[in-house]
Structure formats: C-alpha cells, structure tokens
Amino acid sequence: MPSAGELLVSSLRQHSVDVVFGIPGTHNLGIYAHLDRHGLRHVTPRHEQGAGYAADGYARVSGRPGVVITTTGPGVLNAAAAAGQAYSDSVPMLLISPGMPSGHRGGEGLLHETRDQSAALAAVCAASHRVRDPAELPGLLATVFTRLTSGRPRPVHLEIPYDLIDTEVDAAPLPPLPAAAPVADDRAVAAAAHTLAAARRPVVVAGGGARRATGELRDIAEALAAPVVTTANGKGVLPESHRLSLGAALHVPEVQQLLASADAVLAVGTELSETDTWNGPPRLTGRVVRVDIDPGQMHRNATADHPLTGDAAQVLTGLLGHLRSVPAHPRSGRRSGDTPPPAVRSAVRDYGRRWRDVTGALRAALPEDAVLTNDSAMACYFGALTGFPTERPGRFLYPTGFGTLGYALPAAVGASLASPGRPVAALSGDGGLQFTVNELATAVEVGAPLPVVVVSNGGYGMIRQEMTERGQPTVGVDLAVPDFPAIARAYGGDGCHVASPAELRDAVGKALGVPGPTVVVVPEPPASSTAPSA
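Residues numbered from 1 in each chain as written. Predicted model: local features only at pLDDT ≥ 70, side-chain atom pairs only at ≥ 80, totals over all residues. Heavy atoms only, no water.

**A closer look at the overall build of the protein**
Secondary structure assignment for the protein yields 21 helices and 18 strands. Taken over the C-alpha atoms alone, the protein extends approximately 70 × 60 × 45 Å along its principal axes. Looking at the protein as a whole, 57% of its 534 residues qualify as buried. Pairs at least 24 apart in sequence give 75% of the contacts found in the protein among residues at least 6 apart. Within the structure as shown, the protein displays about 20300 Å² of accessible surface, and the carbon and sulfur contribution to it stands at 51%. Averaging the locations of the 43 positively and 49 negatively charged side chains of the protein gives two centres separated by 8 Å. (Helix = DSSP H or I, 4+ residues; strand = E, 2+ residues; numbered from the N terminus. Buried < 20%, exposed > 50% of the residue type's maximum accessible area, 1.4 Å probe, protein only. Contact = heavy atoms within 4.5 Å. Areas by Shrake-Rupley, 256 points an atom, 1.4 Å probe, with all protein chains shown as cover. Lys, Arg positive; Asp, Glu negative; His and termini not counted. Charge placed at Lys NZ, Arg CZ, Asp CG, Glu CD.)

**Observations concerning the side chain of Arg 354**
Relative to the helices and strands, Arg 354 resides in the loop between helix 13 (342–350) and helix 14 (356–365). Exposure remark for Arg 354: the relative accessible area of 10% places this residue in the buried category. Among the polar contacts made by the side chain of Arg 354, one reaches the side chain of Glu 524 at a distance of 2.9 Å. From its side chain, Arg 354 meets the backbone oxygen of Pro 525 in a polar contact 3.0 Å long. (Polar contact = N/O pair within 3.5 Å; in protein donor to acceptor, adjacent residues only side chain to side chain.)

**So, the pairing of strand 7 (residues 202–206)**
Among the five residues that make up strand 7, five are buried, leaving the element largely enclosed by the rest of the structure. As judged from the five bridges shared by strand 7 and strand 10 (residues 264–268), these two strands associate in the parallel manner. Each residue of the ladder has a partner; that of Ala 206, found in strand 10, is Val 268. In this fold, the crossover linking strand 7 to strand 8 (residues 228–230) by way of helix 9 (residues 214–224) has right-handed handedness. (Pairing = 2+ DSSP bridges. Right-handed = clockwise from strand over helix to strand, strands pointing away.)

**Quick notes on the environment of Cys 496**
Tracing the chain through its elements places Cys 496 in strand 17 (residues 494–497). What makes Cys 496 partly exposed here is its relative accessible area of 26%. Leave out the neighbours within four places in its chain, and Cys 496 touches Pro 485, Ala 507, Val 519, Val 520 and Val 521.

**As for the pattern of salt bridges**
Scanning all chains against the criterion turns up 20 salt bridges. One salt bridge connects Arg 60 with Asp 89, and the closest N-O pair in it is separated by 2.9 Å. On the criterion of sequence distance, the pair formed by Arg 60 in helix 3 (residues 48–62) and Asp 89 in the loop between helix 5 (80–88) and strand 4 (93–99) is long-range, its members being 29 residues apart. Of the two residues examined, Arg 60 and Asp 89, each falls in the buried class. Put simply, Asp 219 and Arg 218 hold a salt bridge, and the shortest N to O gap is 3.1 Å. Owing to a relative accessible area of 25%, Asp 219 belongs among the partly exposed residues under this scheme. A residue is classified by how much of its surface remains accessible, and Arg 218, at 35% relative accessible area, is partly exposed. Through salt bridges that share partners, Arg 152, Arg 154, Glu 271 and Asp 294 make up one connected network. (Salt bridge = Lys/Arg side-chain N within 4 Å of Asp/Glu carboxyl O.)

**Focus: unusual backbone geometry**
Phi at Ala 225 takes a positive value of approximately 50°, unusual for a residue other than glycine. Inspection of the secondary structure puts Ala 225 in the loop between helix 9 and strand 8. The phi angle at Asn 301 is positive, at roughly 70°, despite the residue not being glycine. Following the sequence through the fold, Asn 301 ends up in the loop between strand 11 (287–292) and strand 12 (306–309). When its relative accessible area of 31% is taken as the criterion, Asn 301 is described as partly exposed.

**Focus on the sheet that holds strand 13 (residues 371–374)**
Strand order in the open sheet made by the six strands is 14-13-15-16-18-17, with parallel pairing throughout. Since the sheet does not close on itself, it has two edges, and those belong to strand 14 (396–397) and strand 17, each with one partner. On the sheet, helix 20 (residues 484–491) packs against strand 16 (450–456), strand 17 and strand 18 (517–523) and is oriented at approximately 170° with respect to strand 17. (Axes fitted to C-alpha atoms, helices over the stretch in contact; angles between N-to-C directions.)

**Brief notes about the pairing of strand 6 (residues 156–161)**
Along strand 6, six of the six residues are buried, which leaves the element largely enclosed by surrounding structure. Residues of strand 6 alternate between two faces, with Val 156, Leu 158 and Ile 160 on one and His 157, Glu 159 and Pro 161 on the opposite face, all of them buried. With six bridges connecting them, strand 4 and strand 6 associate as parallel partners. Each residue of the ladder has a partner; that of Ile 96, found in strand 6, is Leu 158. As judged from the four bridges shared by strand 5 (residues 127–130) and strand 6, these two strands associate in the parallel manner. Residue pairing in the sheet places Ala 127 in a bridge with Val 156 of strand 6. Handedness of the strand 5-helix 7 (residues 137–149)-strand 6 crossover: right-handed.

**Things to note about the sheet that holds strand 2 (residues 41–43)**
Strand order in this open sheet of six strands is 2-1-3-4-6-5, and the pairing throughout is parallel. Each edge of the sheet is formed by a strand with only one pairing partner; in this case those strands are strand 2 and strand 5. Between one strand axis and the next, the sheet turns through 25° on average, direction left out of account. In the sheet, strand 1 (residues 19–22) pairs with strand 3 (residues 66–69) via two bridges, with the strands oriented parallel. Along strand 3, the bridge assignment pairs Gly 22 with Ile 69.

**Description of the packing of aromatic side chains**
Tallied over the entire structure, the rule returns eight aromatic pairs. Ring geometry for Tyr 351 against Phe 382: centres 6.5 Å apart, planes inclined by 50°, an arrangement best described as tilted. You can see Tyr 351 sitting in the loop between helix 13 and helix 14 and its partner Phe 382 sitting in helix 15 (residues 378–387), a full 31 residues away along the chain. The two residues Tyr 351 and Phe 382 agree in class, both being buried. Judged by centre distance (6.5 Å) and plane angle (35°), the rings of Phe 388 and Phe 396 are tilted. (Phe/Tyr/Trp six-rings, centres within 6.5 Å; stacked < 30°, edge-to-face > 60°.)

Keep in mind these numbers describe shape, not what the thing actually does.
See the structure below:
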C-alpha cells in the first residue's frame, strides 16, 4: 500500500501536475521521497516566497494550477505573501505543507510549531484544509483541483499532519471531477443585449476573467463598435493593436471620463476595483452589464443592471447571438475611425511617457509572443502597463491587487517553465529586486534565457515621491544600490549596465540568446516629462 505522501504525489500526477516548486524540510521528506518516481519535476527556489511567485507565474502562463510544497511553520508562512497575491489576482495555486501531529492539541516546544498554521493560511487563501484521515486525500484533491480549474480560481492550502505522511493508506488517486460553470438565464442575456444594442456610447471593460473569451470579446466589441479598456490582469484579451483597444488604461483619467460618459458599460470578468483605477471604483452613470463566473462580484464597486453569472465565453456568445437579431441605434456622432475617441487614445499613448524609452526598447527587443513579468515598480505601473503593447493574455504578468514586491524575477522563472522555449523577460526596480534577488540562482539552474531589466532609482522611488508630496522627510526610502551584474555573475549568470535605449535593446536581445539570467541595469529616466500621478 502507498504511504500518504506517495498517495499525495500520485494524485498530483493524476491531476496533470508536472512541475512543483518548493524547499524540502524535516517534516515533508515523506512527500519528497516520491516526486522523482512519479515524474514530477522539482524546482528549488532559494526562498519559499520565491517558490510562491514562481508557481504564480507558471499558473498565469500555462493556465494550470501552480503547486508549492513547503515545510511547516516558517516554510509555509514564507509563502503566505505569494498566496495573498494569488488570491488578489485570482490565480490558481495549491500550497501544500505538513502540519503539527494529528493528536497535537497546542502547546509549545515542537519544531516549527505555529499556534494555528491552518488558520493563518486560511486568512490569505480561499480555503485551508487540514487532513484528518489520509484516506480522504484522493477525494479532497479531486475537489480542490475542481475548485482551482473552474469557477473563480484562487489559492488553496492543504495541510497534512507530519505524523501521517508516512502512514500506509488503502486508497488510490481519483480522476478529476467534471467542471460545471453556472449558465446565465437566456432571458436575462436577451435583456442585456437589448440594452447594449440601444446604447449610443457603449464601452467594454475586460478583466482577467475574460482571458478564455478573447474571440468572443473581440466579436462583441466589433458588433457594438465599442472601445475596449482592460485591467492589468486582462491586458491582451483584446490585441492592443486592434482599432478598438485602449489597452490596460483604466487608471488614465481620460479613460475614466470616457467610462463616466458611457450610456452602457459591458464589464467582463473584472472587479472594477480601486486597484484597477488607482483612485476608487469607476464612476459609471450608464447602464451596467456585468459578466462574471462569481455571482458575488455582480454588485461590487458598481451595481449591475444586468447581472449575468456564467462562463465569459458562453455568456458573450449568447449576447452576440441576441445582438445580431436586435436592430442597433446609430452611434451618436461617432464614426468607426473615431472609436475610441482620438483625444482618449492620445492620452493613453502619452501616459507614462517618462518611461517610454525603456518600455519601447523592451518591446523592440522582445518577440511579439514573449512574456514580460513585472514588479511593483514605477517603470512597470507607470510605464509598461500602458507602454508595452501586448497581443495575447498571459503575456504580461503584474502583481495587481496585493501589490507585493519581489514578484518579477521568480515569476519569470515560473513562466519560463510553463512554456519552454517562449522568450521571457523580467522588469523590476532596484528596491523590489532585492526582495528576491537570490532567485537568480534558481534562474541559473533552470537554464532558460532570462533578461532581467532593472530600472534603478536608488530605493523606493514611489514612496519617496509620496513622502515629498506630503512635505515630510524622506525616511527609509534611499537605498544603496548593489552591483547587480556582479551579483548575477556570482550566481553563474551575467549582467551589464546600459545608458541608452539602443544599448538596452541590444543587451536584452543578446540576453535572449544566452542560457540563464542576464541582469541589465538602466538608470531611471529623468523626471522632466513625469507621468501623471495616480
């Protein structure tokens, strides 16, 4: 009979897991003993937070759950920040850890003891399950993977008491359960279609929930002749070269004014939250049609006049069918060439102009289908979010809601494993990179080419700016900048400093042909043409 540890590993394989990220420890050895035999590739980041971000990047690019295995106590708590980020951005992640022994009733003195480890993880994950009987593992994992792959994906924690991991179990892995999404009522879809068809100034807002409905979203937008703006997580769901695309520009004031003047807004798979607009939920005065797999989203941040709960692709297909049978009013004063309005498109194009040389050089150096991972850095949210055009979803990874630092480098490692051979690059600041700079070692071991572009401003530039605007001393934000290329070389990678967009483009292009990470440091552009503040 297999042990609980082997049953866990074989069940992961049953659910198509082929890569896991984690660090072995005393309490999880009974899991690690079976990884090789069941064909699971193990990647060892240098910190559990890096493991979580790598799993997040893997999930966003592959569309499959990222899996993390840690040990008890500090190991799993180190991964909690990454789990919080995955929860905020609706990323499927399974976080597996041992727990205190099955008969433990609390106390002190056990190795890695945490007062209530499962409760701590439940606070940042969608759920935390503590196994009581190893025989329940197959059914529990089948349920968990259904949750991770259907509905709104969010991280789940699984805890197995460490005294049970080597226990023999008379059980076998179970196949995945069939996923079932709610189906929107056709009468409700027809009513929403009438509202959209009657609109003279419709606008489409698309979030991460529209990632699997790209064709349907394009068809709807074209049928309505409606401009499309996306969230950071929705970036690329409509190719940003499309004539109707405004890109990921919900934070641009002129786009918010466009939304406020719209007589109908179709919001697909988006929270419409402060982290999308940067200054509170959008002001919507027109009728609102919301499409979301999560019914709890329907009236959050904007009340839905037409709440349509269901899979985005199915609902949009239904909407399109009804739209084609409903005569549309002529768009008031609008020609197809003026959608989006030129002034709004110009405002989006000009936003973040301070960083445009950096983002333009990156875009020129990277193939169209490359993945760019980002950190919570000014060059990313002011620059790349609008200034790095993307043609497909899952090609621009950014830690939106939770806003963690240190995401870009380990997420790029995960992204490279999710799609071997696809070019991947990371964009970070000098402050954020130091949170996870040790993951350069992991990138060396993975071996995929990885340009890591660091825009250096000597610390936490955004917080420094906010302190200055408040008229207070700038405390704790000015950091000594290490020699990042030397650090990369010490780990076995490479690196250089560049001083111009042409040098940056050439350095990134060269790095794409070299195995392992290449850190490219570029100074922050001068503030002579500062982007509008959020």
